[in-house]
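# Architecture and fold: a report
Next come the chains, spelled out residue by residue.
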Amino acid sequence: MELATARFIEAATALPAGVLAAVREESLARWRRGGREASRATRVSASENSAIEHAVRSALLRRGSEPGPDGAMFPSDVKPLCAIAARAVCKRAKLTEEQYRVLLDPFAAVGVAVPDRDAAGPAVDLP
């Protein structure tokens with residue numbers, strides 16, 4: 001997995017539950033305004049998808065006993081959101097600027113570092 005993708009997952013999944021809920025709401029609003037199409041453009045290989053899904057799931061499971069803002073367990077609520085955004089980071093060079101922004105601006109707005117769309121970085125091995 002590329003280092004920028006791994007760092008994004010680490011930062012996004014560490015956001016407080018209330019902040020993640022706000023990111024989720026903003027992302028859902030954007031879903032109807034281009035988010036769905038943008039998410040389709042984030043196709044990754046099976047191995048990339050497996051690594052991203054595993055990293056997101058593992059990070060959120062560590063927080064499993066932490067309730068979300070509405071009292072529900074939030075990992076299942078935000079896992080797809082974090083995984084789609086991580087795939088966008090992974091495939092950022094293949095996305096248009098608009099597609100990249102629609103998926104990642106909600107995270108950037110709450111302080112998550114989002115790499116430049118044109119920047120590529122080294123891969124890292126994650127457990």
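Above this text is the structure in question.
Here's what I pulled together on the structure shown here. What you are looking at is a predicted structure, and each value in this text was computed from that prediction instead of being measured. (Residues numbered from 1 in each chain as written. Predicted model: local features only at pLDDT ≥ 70, side-chain atom pairs only at ≥ 80, totals over all residues. Heavy atoms only, no water.)

## Comments concerning the nonpolar core
Where we set the bar: Working definition of a nonpolar core: buried Ala, Val, Leu, Ile, Met, Phe, Trp, Tyr and Cys residues. They are joined through side-chain atoms within 4.5 Å. Buried residues are those whose accessible area, probed at 1.4 Å on protein chains only, stays under 20% of the maximum for their type, while exposed residues exceed 50% and partly exposed ones sit between those limits. The way it works is that DSSP assigns letters per residue, a run of H or I at least four long becomes a helix, a run of E at least two long becomes a strand, and they are numbered from the N terminus. Only heavy atoms enter the contact rule, under which two residues are in contact if any of them lie within 4.5 Å.
Grouped together as the largest cluster of nonpolar side chains are 28 residues, with contacts concentrated most on F8, Y100, L103, L104 and F107. Broken down by element, the residue count for this core peaks at nine residues, all from helix α4 (residues 75-90). Non-local contacts of F107, meaning those with residues more than four positions away in its chain, are made with F8, A12, L15, V23, L81, C82, A85 and V112.

## Some words on the pattern of salt bridges
Note the threshold: We define a salt bridge as a contact between a side-chain nitrogen of Lys or Arg and a carboxyl oxygen of Asp or Glu at a distance within 4 Å.
In the structure shown here, the tally under the stated rule is eight salt bridges. For R24, the salt bridge is made with E25, and the minimal N-O distance between the two is 3.3 Å. Look at E25 and you get partly exposed, because its relative accessible area is 47%. Three or more residues joined by partner-sharing salt bridges are found here, namely E53, K79 and R87.

## Describing helix α1 (residues 3-13)
Note the following rule: Regarding the arc, it is the one traced by the directions from the helix axis to the C-beta atoms.
For α1, every residue scored as buried is listed here: T5, A6, F8, I9, A12 and T13. Buried residues along α1 cover an arc of 160° about the axis, so they all sit on one side. Of the exposed residues in α1, those oriented more than 90 degrees away from the buried face are R7 and E10.

## Side note on the packing of aromatic side chains
Test applied: Centre distance within 6.5 Å is the pairing criterion for rings of Phe, Tyr and Trp, where only the six-membered ring of Trp is used; planes under 30 degrees apart are then read as stacked, over 60 as edge-to-face, and the remainder as tilted.
For the structure shown, the criterion picks out one aromatic pair. Residues F8 and F107 carry aromatic rings whose centres are separated by 5.1 Å and whose planes lie at 75° to one another, so their mutual orientation is edge-to-face. Taken as a pair, F8 in helix α1 and F107 in helix α5 (residues 97-108) lie far apart in primary sequence, 99 residues in all. With relative accessibility at 1%, the residue F8 sits in the buried group.

## Some remarks on the layout of surface pockets
This is how it is decided: Think of a 1 Å grid over just the protein atoms. A cavity is a set of points where a 1.4 Å probe fits yet cannot get out, a pocket is an open set with protein on both sides within 12 Å along at least five of seven lines, and lining residues have an atom within 4 Å of a point. Grid points are joined across faces, edges and corners, and a volume is the space filled by probe spheres set on the points. Residues are sorted three ways: Asp, Glu, Lys and Arg are charged, Ala, Val, Leu, Ile, Met, Phe, Trp, Tyr, Cys and Pro are nonpolar, and all the rest, Gly among them, are polar.
By volume, the second largest pocket amounts to about 200 Å³. Lining the second largest pocket are 14 residues, and of these S27, L28, W31, L81 and I84 sit closest to its centre. Elements with a minimum of two residues in the lining of the second largest pocket: α2 (17-40), α4 and α5. Ranked by the residues each element gives to the lining of the second largest pocket, the list is headed by α2, at six residues. Residues of the lining of the second largest pocket, tallied by class, amount to nine nonpolar, two polar and three charged.

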